Amino acid sequence: MSKIAILKPPLTDEVVRSLKAGDEVLITGTIYTARDMAHKRLCQAIDKADKLPFEMKGAIIYFCGPTPAPPGKVIGAAGPTTSSRMDPFSPKLIAAGLKGMVGKGYRGLQVRDALKQYCAVHFSALGGAGALLAKYIKAAEVIAYEDLGTEAIRKLEVADFPAIVAYDCCGNTVYKNV
């Protein structure tokens, strides 16, 4: 039976172990946006032992490239992008301390193995609902790779951001035939 968990990043191993595939979560606190090119740059920084633009240990990355903020709003539409696009990069980030990711859709075997090996979790958010999900984002600021435009890394402050545990750290998933 699934439960609703209230999460406040940074996540710990204990919190991650308590989450099971199918659990609903509400995330409150700081998360970071990053898509393909930002993931590539983060991995390059890890390879060079450069300082990362945010503390990776316990962090949650939201696979999102939000639209520009309309007048009076902190952010535009902020829906999840396809998670598998980050598969080439996610294992390295998980090994560096990343504890959670939010996207939509399936993850590859190497990512699922990394989730188990390093005690991390993958959440799914409702695709096609970027305008609705933006309502849970209370603040947004670009903190790295501004030249990437909408794909720059943003620090988001979220309140009760809804997601579902799609892959837990024990190898379980909400997806069939994976």
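Anything mentioned here points back to the structure above.
Residues numbered from 1 in each chain as written. Predicted model: local features only at pLDDT ≥ 70, side-chain atom pairs only at ≥ 80, totals over all residues. Heavy atoms only, no water.

**Let's talk about the overall build of the protein**
Heads up, the condition is: Each helix corresponds to a stretch of at least 4 residues labelled H or I by DSSP, and each strand to a stretch of at least 2 residues labelled E; elements are numbered beginning at the N terminus. Using C-alpha atoms as the atom set, the radius of gyration is obtained and then compared with a globule rule of 2.2 Å times the number of residues to the power 0.38.
Broken down by element type, the protein carries five helices and seven strands. Reading the protein from its N terminus to its C terminus gives the helix and strand order β-α-β-α-β-α-β-α-β-α-β-β. A compact globule built from 178 residues should have a C-alpha radius of gyration of about 16 Å, and the protein, at 15 Å, falls within 12% of that. With the C-alpha coordinates of the protein rotated into their principal frame, the extents come out at 40 × 40 × 25 Å.

**Remarks on the state of the cysteines**
Rules: Here, the term disulfide refers to a pair of cysteine sulfur atoms separated by no more than 2.5 Å. Categorising residues by exposure relies on relative accessible area from a 1.4 Å probe, with only protein chains included: less than 20% of the type maximum marks a residue as buried, more than 50% marks it as exposed, and the intermediate range marks it as partly exposed.
For the structure shown, the criterion picks out zero disulfides. The structure places no disulfide on C64, whose sulfur is separated from the nearest cysteine sulfur, that of C43, by 19 Å. Residue classification places C64 among the buried residues on the basis of a relative accessible area of 1%. In this model C169 remains outside any disulfide bridge; the closest cysteine sulfur is found in C119, 4.1 Å from its own. A relative accessible area of 9% means that C169 is categorised as buried.

**Focus: the nonpolar core**
Condition: Residues grouped as a nonpolar core are buried Ala, Val, Leu, Ile, Met, Phe, Trp, Tyr and Cys residues, joined through side-chain atoms within 4.5 Å. Residue contacts follow a heavy-atom distance rule, with two residues in contact if any of their heavy atoms lie within 4.5 Å.
Formed by 28 residues in total, the largest nonpolar core has its most connected members in L42, F54, M56, I61 and I153. Elements that contribute at least two residues to this core include exactly α2 (36–47), α3 (90–95), α4 (109–118) and β7 (153–167). Setting aside residues up to four positions removed in sequence, M56 forms contacts with L42, I61, L93, A96, G97 and L98. Residues C119, F123, A125 and L156 belong to the second largest nonpolar core, which totals 27 residues.

**Concerning the side chain of T30**
Rules: Polar contacts here mean pairs of N or O atoms no more than 3.5 Å apart (in protein, one a potential hydrogen donor and the other a potential acceptor; neighbouring residues in sequence count only if both atoms are side-chain atoms).
By the element assignment, T30 lies in strand β2 (residues 24–33). A polar side-chain atom of T30 sits 2.6 Å from a polar atom in the side chain of E157.

**Brief notes about the side chain of S90**
Examined against the element boundaries, S90 turns out to sit in helix α3. Sequence-distant contacts of S90, defined by excluding residues within four places in its chain, comprise F63, M101, R107 and V111.

**Concerning the pairing of β2**
The cut-off we apply is this: We call two strands paired when DSSP finds no fewer than two bridges between them.
Most of β2 is tucked away, with seven of its 10 residues classed as buried. Two strands pair when backbone bridges link them, and strand β1 (residues 4–7) and β2 are joined in this way by four bridges, in the parallel orientation. Along β2, the bridge assignment pairs I4 with E24. Here nine bridges tie β2 to β7, and the two strands are oriented antiparallel to one another.

**Quick word on unusual backbone geometry**
Here the amide bond leading from P9 into P10 is cis, since omega sits at 5 degrees, within 30 degrees of zero. With respect to the helices and strands, the residue P10 is situated in the loop between β1 and α1 (13–18). In this structure, C119 takes a positive phi of about 60 degrees despite not being glycine. Within the fold, C119 resides in the loop between α4 and β5 (121–124). Here Y145, not a glycine, exhibits a phi torsion of approximately 60 degrees, which is positive. Looking at the secondary structure, you find Y145 in the loop between β6 (137–144) and β7.

**Some words on the pattern of salt bridges**
Opposite charge on two side chains lets them pair, provided their charged atoms get close. Rule in force here: Take a side-chain nitrogen of Lys or Arg and a carboxyl oxygen of Asp or Glu: if they are within 4 Å of each other, that pair is a salt bridge.
A complete count under the given rule lists eight salt bridges for this structure. For R107, the salt bridge identified is with D87, shortest N-O distance 2.7 Å. Of this pair, R107 sits in the loop between β4 (100–103) and α4 while D87 sits in the loop between β3 (60–62) and α3, placing them 20 residues apart in sequence. The same class applies to R107 as to D87, namely buried. Sharing partners across several salt bridges, the network here consists of D13, R17 and K99.

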